[in-house]
Amino acid sequence: MAEKTTRKFAYVTLLLNSGYLPGSLALAKSLRDSGSTIPLILLLSKSNIPFETYNILTSSGYFERIINIDSDLIASKAEERYQLDEYLKRSDLHLAMSKLNVWRLMDYDRIVYLDSDMLVRGNIDHLFNDHEQELKPTDIIAASDSGWPDIFNSGLFIIKPSIEVFEKLHTFHRENNSFDGADQGLLNEFFNLRGTETGCHWYRLPFTYNCTLNSNYEYLPALIRFKDEIKVFHFIGLNKPWKNYNFCFNPTYAKIFNGEQDNLYALWWNTFQSIQIDTASTSYTGIRLLEASENLQRSFAD
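Remember, predicted model here, so these are calculated numbers, not experimental data.

A. Seen up close, the pattern of salt bridges. Following the criterion strictly, the structure yields 13 salt bridges and no others. Across the pair Lys 29 and Asp 33 runs a salt bridge whose closest N-O atoms are separated by 3.0 Å. Taken together, the positions of Lys 29 and Asp 33, both in helix H1 (residues 21–33) and four residues apart, correspond to about one turn of that helix. Given a relative accessible area of 14%, Lys 29 falls into the buried group. Using a relative accessible area of 49% as the deciding quantity, one classes Asp 33 as partly exposed. One salt bridge connects Glu 164 with Lys 168, and the closest N-O pair in it is separated by 3.4 Å. Here the residue Glu 164 and the residue Lys 168 both occupy positions in helix H4 (residues 163–175), the gap between them amounting to four residues, near one helical turn. For Lys 168, a relative accessible area of 41% gives the class partly exposed. Each of Lys 99, Asp 115 and Asp 183 takes part in a single network of salt bridges with overlapping partners.

B. Looking closely at the sheet that holds strand E8 (residues 201–205). Reading across the sheet, the seven strands line up as E3-E2-E1-E4-E7-E6-E8 and stay open at both edges, with mixed pairing between neighbours. Of all the strands in the sheet, the pair left with one neighbour each is strand E3 (65–68) and E8. Averaged over all pairs of adjacent strands, the angle between strand axes in this sheet comes to 40 degrees, irrespective of strand direction. Across the face of the sheet, H1 comes into contact with strand E1 (9–15), strand E2 (40–44) and strand E4 (110–114) while running at roughly 160 degrees to E1.

C. Region of interest: the sheet that holds strand E10 (residues 232–235). Read across the sheet, three strands follow the order E5-E10-E9 without closing on themselves; strand pairing throughout is mixed. Either end of the sheet is taken by a strand with one partner, and the two such strands are strand E5 (118–120) and strand E9 (211–213). Recorded for the sheet is a direction-independent mean angle of 25 degrees between the axes of neighbouring strands. Judged from the three bridges that link them, E5 and E10 form a sheet pairing that is antiparallel. Considered in E10, the bridge of Leu 119 is made with Phe 233.

D. How the structure looks around the packing of aromatic side chains. Applying the stated criterion across every chain yields a total of 13 aromatic pairs. Geometrically, the ring pair formed by Tyr 113 and Phe 157 is stacked, given 5.1 Å between the ring centres and 20 degrees between the ring planes. Of the two residues, Tyr 113 sits in strand E4 while Phe 157 sits in strand E7 (residues 148–159), which places them 44 residues apart along the sequence. By relative accessible area, Phe 157 is classed as buried at 0%. On the numbers, 4.8 Å between centres and 20 degrees between planes, the contact of Trp 268 with Phe 272 is stacked.

E. Local environment of the pairing of E7. Counting buried positions along E7 gives nine out of 12 residues, so the element sits mostly inside the fold. Pairing geometry for E4 and E7, over four bridges, is antiparallel. Among the inter-strand pairings, Val 112 is bridged to a residue of E7, identified as Ile 158. With four bridges connecting them, strand E6 (residues 139–145) and E7 associate as antiparallel partners. If you follow Ser 144 over to E7, its bridge partner there is Phe 152. Taking the residues that link successive antiparallel strands as the turn, the E6-E7 hairpin has two residues.

F. Molecular detail of the environment of Glu 80. By the element assignment, Glu 80 lies in the loop between E3 and helix H3 (81–87). With a relative accessible area of 0%, Glu 80 lands in the buried category. Separated by 101 residues in sequence, Glu 80 and Gly 181 place their C-alpha atoms 4.6 Å apart. If we skip the residues at most four places from it in the chain, Glu 80 touches Met 97, His 173, Asn 176, Asn 177, Ser 178 and Gly 181.

Parameters at a glance
- Chains are numbered independently. Their residues run from 1 in the order of the written sequence.
- Local features in this predicted model are restricted to residues of pLDDT 70 or higher, and side-chain atom pairs are both shown and tallied only at a pLDDT of 80 or more, whereas totals for entire chains, interfaces and linings draw on every residue.
- No hydrogens and no water enter the side-chain calculation; it runs on all heavy atoms of the structure.
- Any Lys or Arg side-chain nitrogen located within 4 Å of an Asp or Glu carboxyl oxygen qualifies as a salt bridge.
- Only DSSP runs of H or I with at least four residues qualify as helices, and only runs of E with at least two residues qualify as strands; both kinds are numbered from the N terminus onward.
- Three labels apply to residues, based on accessible area from a 1.4 Å probe with only protein chains included: buried if under 20% of the type maximum, exposed if over 50%, partly exposed otherwise in between.
- When DSSP finds two or more bridges between a pair of strands, those strands are recorded as paired.
- Every axis in this analysis is a line fitted to C-alpha atoms, fitted for helices over the stretch in contact. Angles between the N-to-C directions lie between 0 and 180 degrees.
- Only heavy atoms matter for contacts: two residues are in contact if any of them lie within 4.5 Å across the pair.
- Pairing of aromatic rings covers Phe, Tyr and Trp, the last counted by its six-membered ring, and requires centre-to-centre distances within 6.5 Å; plane angles under 30 degrees mean stacked, over 60 mean edge-to-face, and any other angle means tilted.

Don't take any of this as a statement about function, it's just geometry.
The structure is reproduced here in structure tokens:
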């Protein structure tokens with residue numbers, strides 16, 4: 001009988017500038033706190049961050065590998081910038097397509113990609129074994145987007161790496177524009193909306209694995225009903241928890257969590273404030289990390 005080959009799995013996230021450093025660290029800490037045994041890989045634009053940020057990341061111990069993708073950054077095309085700037089109102093996402101590099105990580109049999117503005121609330125390692133027989137390189141598993149459920153949100157997705165699929169994505173992008181100017185529009189065209197043409201398929205993941213917040217419409221009764229089943233929170237939009245302390249504790253959010261966690265953004269802050277990273281010269285905790293990422297607000301300093 002042939003010996004069973006050990007399968008290699010990895011979580012992957014992306015950091016393109018130091019402004020998202022708090023998010024990357026909180027995501028990593030939340031995965032560790034969940035009891036995950038799967039390694040976390042960081043795709044990093046090293047040229048776009050200062051040495052201090054890089055030193056914090058390498059000293060954190062959260063990442064099994066930090067891969068510099070400076071030579072493989074993928075930008076939105078000039079003809080896509082109108083959609084990105086005017087429709088999506090997110091010009092900061094002009095390099096977000098760089099996450100396509102996850103398809104090039106051929107050392108791994110399955111990858112769960114997570115954006116750095118996510119917070120894991122329960123162990124999700126089972127995602128590496130679910131649908132094991134069905135998942136092909138031409139498949140993607142992701143949750144519906146709350147703003148338009150017939151497409152998926154690309155903040156979390158599960159894939160099997162493939163150089164062939166990566167190259168097809170590149171070719172597809174050269175020949176077609178993303179309808180939102182960023183990665184989500186492109187990936188939905190390729191795996192979903194034009195899947196018959198590309199030979200690809202989107203499998204739906206429950207919304208509890210990518211619960212998007214900060215949207216224009218929040219279905220609070222369902223949020224309360226499923227609050228104990230939510231595995232991953234996704235802090236979409238410009239108002240990230242680490243960018244504005246006061247907004248994070250906005251009383252308009254329903255106080256649905258017991259104990260000290262009195263609103264949704266407090267969940268992120270509880271994780272972030274538990275982080276301590278010791279470099280050779282400095283110990284970094286909450287405020288020092290915000291200073292290093294240039295996210296310190298006046299409300300902290302006053």
